[in-house]
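Observations on the three-dimensional arrangement
Listed below, chain by chain, are the residues.
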Amino acid sequence: GAGVSQTPSNKVTEKGKYVELRCDPISGHTALYWYRQSLGQGPEFLIYFQGTGAADDSGLPNDRFFAVRPEGSVSTLKIQRTERGDSAVYLCASSLKSGPYEQYFGPGTRLTVT
Amino acid sequence: GESVGLHLPTLSVQEGDNSIINCAYSNSASDYFIWYKQESGKGPQFIIDIRSNMDKRQGQRVTVLLNKTVKHLSLQIAATQPGDSAVYFCAVKFGNEKLTFGTGTRLTIIP
């Protein structure tokens, strides 16, 4: 079946602009995770949803970052007033449910802030 | 919290040989461990996982060993092939919390 998909695959934006990154999880997966990966580093947790609600948003770096999952499926990560330091690959993962279950990752969105 | 470290940032192995990638974690209550493979330009790909009630698990050409006493995890890849060249990450979870990733080991297979 289809895996996790993310759009766009690449996004270039100017400093100060607003961006939205989209994630389509595997159908039926109730848990959805956002991570950020900088060059040469492992993914770092941002936020996780169980269903429609954000169960843990402790990884969001500041209040410029926000994520939603209004119908418990597709999720959007929103970044306001982008800064050059926001440049990274943003990864989305889903799992059947939260807990000790495999997380399946999407290909990521490469965000470049100029 | 949890921190995860890998012992070697790079590893080169002759094609056909076995490779071992190591990882250390800090939280003794961590209960779920995953190894991921990441190729350039792609998201992490699941290789194998292990729960804390086990100390060894085998897949196709891969074995994960978990030593909870010293909080150490390893991934063994048998008979390495050129397609095994990638960055390998261990990831650790405690309860319902997020995965914490190590910094990765870049495995290069020498033909």
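Heads up: the structure comes first, above all this text.
In this report, we go over the structure that sits alongside the text.

Details of the packing of aromatic side chains
Within this structure, the stated rule accounts for eleven aromatic pairs over all chains. Both rings, one in Tyr35(A) and one in Phe45(A), keep their centres 6.1 Å apart while their planes meet at 75°; by these two values the pair is edge-to-face. Taken as a pair, Tyr35(A) in strand E4 (residues 31-37) and Phe45(A) in strand E5 (residues 44-50) lie far apart in primary sequence, ten residues in all. The burial state of Tyr35(A) is the same as that of Phe45(A); both residues are buried. Centre to centre, the rings of Tyr36(B) and Phe46(B) are 6.5 Å apart; their planes meet at 80°, and the pair counts as edge-to-face. In this pair, Tyr36(B) is assigned in strand E4 (residues 32-38) and Phe46(B) in strand E5 (residues 45-51), connecting sequence segments ten residues apart. For Tyr36(B), a relative accessible area of 0% puts it in the buried group. A residue is classified by how much of its surface remains accessible, and Phe46(B), at 25% relative accessible area, is partly exposed. Ring pairs connect the aromatic residues Tyr33(A), Tyr35(A), Phe45(A), Tyr48(A), Phe105(A), Tyr36(B), Phe46(B), Phe89(B) and Phe101(B), which therefore count as one cluster.

Some words on the interface of chain A and chain B
Facing the 21 residues of chain A at the interface are 19 residues of chain B. For the pair chain A and chain B, the summed buried surface comes to about 1,600 Å²; carbon and sulfur atoms form 53% of the total. When the area that chain A buries against chain B is broken down by residue, the three leading residues are Pro100(A), Glu102(A) and Phe105(A), summing to 30%. Summed over the shared surface of chain A and chain B, the result is zero salt bridges. On the surface where chain A and chain B come into contact, there are five residue pairs in polar contact (both at pLDDT 80 or more). If you list the elements that add at least two residues to the side of chain A that touches chain B, you get E4 and E5 of chain A. Per-element tally for the side of chain A that touches chain B: the top contributor is E4(A), with three residues.

Criteria and thresholds
- Residues numbered from 1 in each chain as written.
- Chains lettered and ligands numbered in written order.
- Predicted model: local features only at pLDDT ≥ 70, side-chain atom pairs only at ≥ 80, totals over all residues.
- Heavy atoms only, no water.
- Phe/Tyr/Trp six-rings, centres within 6.5 Å; stacked < 30°, edge-to-face > 60°.
- Helix = DSSP H or I, 4+ residues; strand = E, 2+ residues; numbered from the N terminus.
- Buried < 20%, exposed > 50% of the residue type's maximum accessible area, 1.4 Å probe, protein only.
- Contact = heavy atoms within 4.5 Å.
- Buried area = accessible area lost by both parts, 1.4 Å probe.
- Salt bridge = Lys/Arg side-chain N within 4 Å of Asp/Glu carboxyl O.
- Polar contact = N/O pair within 3.5 Å; in protein donor to acceptor, adjacent residues only side chain to side chain.

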